[in-house]
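Chains, contacts and geometry: an overview
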Amino acid sequence: MAGGMRLIEGDITILGVDAIVNAANESLMGGGGVDGAIHRAAGPDLLAECRTLGGCPTGEAKITGGYDLAARHVIHTVGPVWHGGGAGEDLMLTQCYRRSLELAETNGCKTVAFPAISTGVYGFPPARAARIALGTVESFFERSDAVDEVLFCCFGAACVAVHREASEMLGIAVG
């Protein structure tokens, strides 16, 4: 049975899921936006574990414990900085979602929540990013039943609307 997708508006740091995905930077040492919020909510042990991982290249993902979060794990992925679309950004963003889901599968995570990776300070166009996110998750569900549910946790109504439009455009059902 294929997994399901849901759109929610809210704070990813309070979700009681198996894994939340962190839109991290290559150092994995915390930063602004959702990355900083996750590090603050998880407490200092998250940073201590991240220090042992040796960073993470763009398009890849690494997993840690969730520490003080409601989530059991944090999957850190480094999205691409937008350079106009001709520098492989779409492929790198696709890889972020794919690698995160593969780590979820490997680590027995049945519920996973994603933020809108790369759409903040990294400047990726939100509508384009939403289409990539939804399409990549749909492709994953077509080949694996390891993950039961993916939540797209949107920070603000505009993000929800962009994801809803992308799901309609792609013909992908989201709750």
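Preceding block: the structure.
1. As for the overall build of the protein
A tally of regular secondary structure across the protein gives five helices and six strands. Written out in order from the N terminus, the α and β elements of the protein read β-β-α-α-β-β-α-β-α-β-α. Computed over its C-alpha atoms, the radius of gyration of the protein comes to 15 Å, within 12% of the 16 Å expected for a compact globule of 175 residues. For the protein, the C-alpha atoms occupy an extent of roughly 40 × 35 × 30 Å along the three principal directions. The buried share among the 175 residues of the protein stands at 49%. Of the contacts formed within the protein by residues at least 6 apart in sequence, a portion of 68% connects residues at least 24 apart. Counting every atom, the protein has about 7600 Å² of accessible surface; 55% of that belongs to carbon and sulfur. If the 12 positive side-chain charges of the protein are averaged to one point and the 20 negative ones to another, these points end up 2 Å apart.

2. Some remarks on the sheet that holds strand β4 (residues 73–78)
Read from one edge to the other, the open sheet built from six strands follows the order β1-β6-β5-β2-β4-β3, with strand pairing classed as mixed. One side of each edge strand has no neighbouring strand; the edge strands of this open sheet are β1 (4–9) and β3 (61–65). On average, adjacent strands in this sheet sit at an angle of 25° to one another, irrespective of strand direction. Looking at chain direction, strand β5 (residues 111–114) and strand β6 (residues 149–154) are connected through four bridges and run parallel. Its bridge partner lying in β6, alanine 113 is registered against leucine 151.

3. Describing the pattern of salt bridges
Side chains that differ in charge, positive against negative, can pair when their charged atoms come close. Counted under the stated rule, the structure contains six salt bridges. For arginine 128, the salt bridge goes to aspartate 90, with nearest N and O atoms at 2.9 Å. Linking arginine 128 in helix α4 (residues 126–143) with aspartate 90 in helix α3 (residues 89–106), this pair joins segments that are 38 residues apart in sequence. We classify aspartate 90 as partly exposed; its relative accessible area is 27%.

4. Some words on the pairing of β3
In terms of burial, β3 is largely enclosed, as four of its five residues are buried. Taken together, the five bridges between β3 and β4 define a ladder with antiparallel strand orientation. Paired with lysine 62 across the bridge in β4 is histidine 76.

Reading the values: the criteria
Residues numbered from 1 in each chain as written. Predicted model: local features only at pLDDT ≥ 70, side-chain atom pairs only at ≥ 80, totals over all residues. Heavy atoms only, no water. Helix = DSSP H or I, 4+ residues; strand = E, 2+ residues; numbered from the N terminus. Rg over C-alpha atoms; globule rule 2.2 N^0.38 Å. Buried < 20%, exposed > 50% of the residue type's maximum accessible area, 1.4 Å probe, protein only. Contact = heavy atoms within 4.5 Å. Areas by Shrake-Rupley, 256 points an atom, 1.4 Å probe, with all protein chains shown as cover. Lys, Arg positive; Asp, Glu negative; His and termini not counted. Charge placed at Lys NZ, Arg CZ, Asp CG, Glu CD. Pairing = 2+ DSSP bridges. Axes fitted to C-alpha atoms, helices over the stretch in contact; angles between N-to-C directions. Salt bridge = Lys/Arg side-chain N within 4 Å of Asp/Glu carboxyl O.

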